Amino acid sequence: MDRRLFLKDSVAGAVALALSSGSAAAAVSRKGSAEGEFSKAAPDAGSFDVVVCGGGPSGFIAAIAAARMGAKVALVERYGFLGGMATMGYVAPISEFAFGGERVIGGIPWEFVGRLEELGGAFVEWPKGNVDFDIELYKLCAQRMVLEAGVSVFMHSSLIGCEMEGGKIVSAVIQNKNGLESLAGRVFIDATGDGDLAHLCGVPMQESGDLQPSSFCFVLSGVDTDSDLLTRYMYHSGRKGSSECKPVREKLLALKAAGVPVPDFGGPWFNSVMHRGSVAVNITRSAADSTDNRNFTAAECRLREDIFTFTSLLRQHFPEFADCYVSSCAPQAGIRESRRIVGVHTVTAEEYVAGEHYPDSISRGAHQIDMHSSKGSGQVLIKLQQAAYVPYRAMVAPGFPNLIVAGRCISADRKALASLRVQASCMGLGQAAGVAAVHSLKEGRPVQDIDTDALVREVRRLGAFV
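The following refers to the structure shown. (Residues numbered from 1 in each chain as written. Predicted model: local features only at pLDDT ≥ 70, side-chain atom pairs only at ≥ 80, totals over all residues. Heavy atoms only, no water.)

Turning our eyes to something else, we now look at the side chain of Asn176. Mapped onto the secondary structure, Asn176 falls in strand β10 (residues 168–176). A relative accessible area of 17% means that Asn176 is categorised as buried. Of note is the side chain of Asn176, whose polar atom sits 3.0 Å from the side chain of Ser157. With sequence-adjacent residues up to four places away left out, Asn176 is seen in contact with His156, Ser157 and Glu181. (Helix = DSSP H or I, 4+ residues; strand = E, 2+ residues; numbered from the N terminus. Buried < 20%, exposed > 50% of the residue type's maximum accessible area, 1.4 Å probe, protein only. Polar contact = N/O pair within 3.5 Å; in protein donor to acceptor, adjacent residues only side chain to side chain. Contact = heavy atoms within 4.5 Å.)

Here we come to empty space enclosed by the protein. Going through the model one piece at a time under the given rule, you end up with 1 cavity of 30 Å³ or more. Volume-wise, the largest cavity comes out at about 40 Å³. What lines the largest cavity is simply Val104, Ile105, Gly106, Ile362, Ser363, Arg364, Gly428, Gln431, Ala464, Phe465 and Val466. Considering every element that reaches the lining of the largest cavity, the biggest residue donor is strand β17 (residues 361–365), with 3 residues. (1 Å grid on protein atoms, 1.4 Å probe; cavity = no way out; pocket = protein on both sides within 12 Å on 5 of 7 lines; lining within 4 Å. Points joined across faces, edges and corners; volume = space filled by probe spheres on them.)

Enumeration according to the criterion identifies 10 aromatic pairs in this entry. When the centroid spacing of 4.8 Å and the interplanar angle of 65 degrees are considered together, the rings of Phe112 and Tyr138 count as edge-to-face. Taken as a pair, Phe112 in helix α4 (residues 108–118) and Tyr138 in helix α5 (residues 135–148) lie far apart in primary sequence, 26 residues in all. The class for Phe112 is buried, based on a relative accessible area of 0%. (Phe/Tyr/Trp six-rings, centres within 6.5 Å; stacked < 30°, edge-to-face > 60°.)

For the rest of this paragraph, the subject is unusual backbone geometry. Cis geometry marks the peptide bond from Ala92 to Pro93, where omega comes out at -5 degrees. As for its position among the elements, Pro93 is in the loop between β3 (73–76) and β4 (98–99). Cis geometry marks the peptide bond from Trp126 to Pro127; its omega dihedral reads 15 degrees. Residue placement: Pro127 occurs in the loop between β6 (122–125) and β7 (130–133). Positive phi is not limited to glycine here, since Tyr90 has a value of about 55 degrees.

Grouped burial of nonpolar side chains is what soluble globular proteins tend to show. Judged by nonpolar contacts, the single largest core of 144 residues is most densely connected at Phe60, Phe112, Phe270, Phe321, Tyr392, Met395 and Ile404. It is helix α12 (residues 423–443) that provides the largest number of residues to this core, a total of 10 residues. Apart from the residues lying within four places of it in its own chain, the contact partners of Phe60 are Gly54, Gly55, Leu75, Leu82, Phe112, Tyr138, Ala142, Val146 and Met427. Judged by nonpolar contacts, the second largest core, of 7 residues, contains Leu7, Ala41, Ile160 and Val173. (Core = buried A, V, L, I, M, F, W, Y, C linked by side-chain atoms within 4.5 Å.)

Okay, here's the thing in structure tokens:
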């Protein structure tokens, strides 16, 4: 079989230069092909049944699910902690586990919420089943559950390439302080959010057009969270508030109309971080492409400026924020939309809103379709008729026999994605991905050909409402 190496474009040139100059992580011979040279420079860091790329809501749940079923699992995460958009984007609350007061996401994701609650790091708000959370305790709880399951965790590791043989992925190539390393695997789960592994493999992607904007979330402290404004207009440990703070929104729009330089914004949404006097703020907004380094860097620089502009505006115009200060900015801007694979089945908004049930339904969606305008402060909301279903076929692409995709890069159209991208839905997809990976191994079949009846039975046994 012909083995091929696929690298990110920016990495390929750097590796070629390193190999030619003798500065690769390991001494390499000048003989053989560039691919052979590279494999010597990226020593084997382990062989696994399942390799999960991405430690966000989908990824860490997928890793736990697969490991609990007896698989030897590796989890790759580019930051030094787990949680994805929750902990590196400060996206709060965890939305949403219930529809009409009835829980529709269960199993390992709900176990995680329960354990986080026991730590004092979560509060479940009904009827939506949204979950307020402490960012640092979220990291700790996810880490504990992953390590308890026996998962081998590769933190501070960036996915930079993969090796393929006969159409199958043979290994994922990562880079960290140890240098270049290769993780051999039998089944791979792409939970990167941006579909990085799928993109490296050549999986066709859907056309996106104008992407939903990114938001750089942050924590404000010194806020009067006992005030009427915050009691009424924020998710806060059982208080029946609204998520969007309408008085602040109306004031900011009025200031902008009067010529005050107010940046584009969304909401704003003030969310509980489980500590009196502090709120997670979701207000900034900028068009951004997270798959383009230069574009995303420029967007984050703009958004960081906007964080402090909005903090100043809140201090000036709202007594509840008179003494507030930025106590923490998220490690990176939050991403609503980027790559989506072309899967065996693409979930459409029409079938999603109607609650169409599939023979291979493996997870649910309860959040309304939520499309943010890439410019300005606009937003389109479409309510669901009932909790939606997601078919397993949307998580696999034709022609890639050992790759499963979980999270917001699954095969869905833009409107359906605008609901599926939220964390509870992504957790449910991760659970199904981990189970499906093990079924593929046990059945000795490509991921597209596994017994989906058995898959559905297993996720139901874990607690999924499918």
